[in-house]
Amino acid sequence: MSSGKAAALAILIFLAIVAALLLVLHFLGVLLWAIAFLGLFVLIGLVIFIVAFGLVMILLAFYYMLKKEPVVQEYGDYTLDGVKGKEDWDKKG
């Protein structure tokens, strides 16, 4: 059996097991409660993750503003003569 056929067979077996498990939970009357329970925990986890990520981003922004030293270039050549590839500007349109 080729690897593609084996992978497809493995996926089909997995889906059959999941379908059988969901069917058993449905007949036991537990499926709705299990879905609600998992959904609640996913929602709570998502809110906690978003709040924690926001706090970390705020703290990192303050850290970056405190530690970053501004660089001011006072001397330099700011003419178009120093631009590389300016000869091709007319050709590109």
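Enquirer: Can you walk me through the overall build of the chain in this structure?
Expert: Secondary structure summary: the chain contains 3 helices and 0 strands in total. Each helix (α) and strand (β) of the chain, taken in turn from the N terminus, gives the series α-α-α. Within the chain, the fraction of its 93 residues that count as buried is 1%. A total accessible area of about 9100 Å² is found for the chain, and carbon and sulfur atoms account for 76% of it.

Enquirer: What exactly am I supposed to notice about the packing of aromatic side chains here?
Expert: To describe a pair of aromatic rings, you give the distance between the ring centres and the angle between the ring planes. One pass over the structure, following the stated rule, counts 2 aromatic pairs. With centroids separated by 4.6 Å and ring planes inclined at 80°, the aromatic side chains of Phe 37 and Phe 41 adopt a geometry described as edge-to-face. Remark: Phe 41 and Phe 37 occur in helix 2 (residues 31-67); sequence separation between them is 4 residues, near one turn of the helix.

Enquirer: When you look at helix 1 (residues 3-28) in this model, what are you seeing that I'm missing?
Expert: At 3.6 residues per turn, the α-helix brings residues three or four places apart onto the same side. With 26 residues, helix 1 extends 37 Å from end C-alpha to end C-alpha; this agrees with the ideal 38 Å at 1.5 Å per step. Phi for Gly 29, located one or two positions after helix 1, is positive at around 80°.

Enquirer: Explain the confidence of the model for the chain here, please?
Expert: Should the pLDDT be low somewhere, the predicted coordinates at that spot are not to be read in detail. In the predicted model, the chain carries a mean pLDDT of 86, and the fraction of residues at 70 or more is 88%. Here helix 3 (residues 89-92) stands out as the least confident element of the chain, with mean pLDDT 64; helix 2 is the most confident, with 93.

Enquirer: Got a minute to help me understand a nonpolar patch on the surface in this structure?
Expert: The grouping of Leu 46, Phe 49, Ile 50, Phe 53, Val 56, Met 57 and Leu 60 at the surface amounts to a nonpolar patch, some 690 Å² of accessible area in total. Tracing the sequence through the fold places Ile 50 in helix 2.

Cut-off values and rules
- Residues numbered from 1 in each chain as written.
- Predicted model: local features only at pLDDT ≥ 70, side-chain atom pairs only at ≥ 80, totals over all residues.
- Heavy atoms only, no water.
- Helix = DSSP H or I, 4+ residues; strand = E, 2+ residues; numbered from the N terminus.
- Buried < 20%, exposed > 50% of the residue type's maximum accessible area, 1.4 Å probe, protein only.
- Areas by Shrake-Rupley, 256 points an atom, 1.4 Å probe, with all protein chains shown as cover.
- Phe/Tyr/Trp six-rings, centres within 6.5 Å; stacked < 30°, edge-to-face > 60°.
- Expected span 1.5 Å × (residues − 1).
- pLDDT = per-residue confidence, 0-100.
- Patch = residues over 30% accessible without salt bridge, like charges linked within 9 Å, V, L, I, M, F, W, Y side chains within 5 Å.
- Salt bridge = Lys/Arg side-chain N within 4 Å of Asp/Glu carboxyl O.

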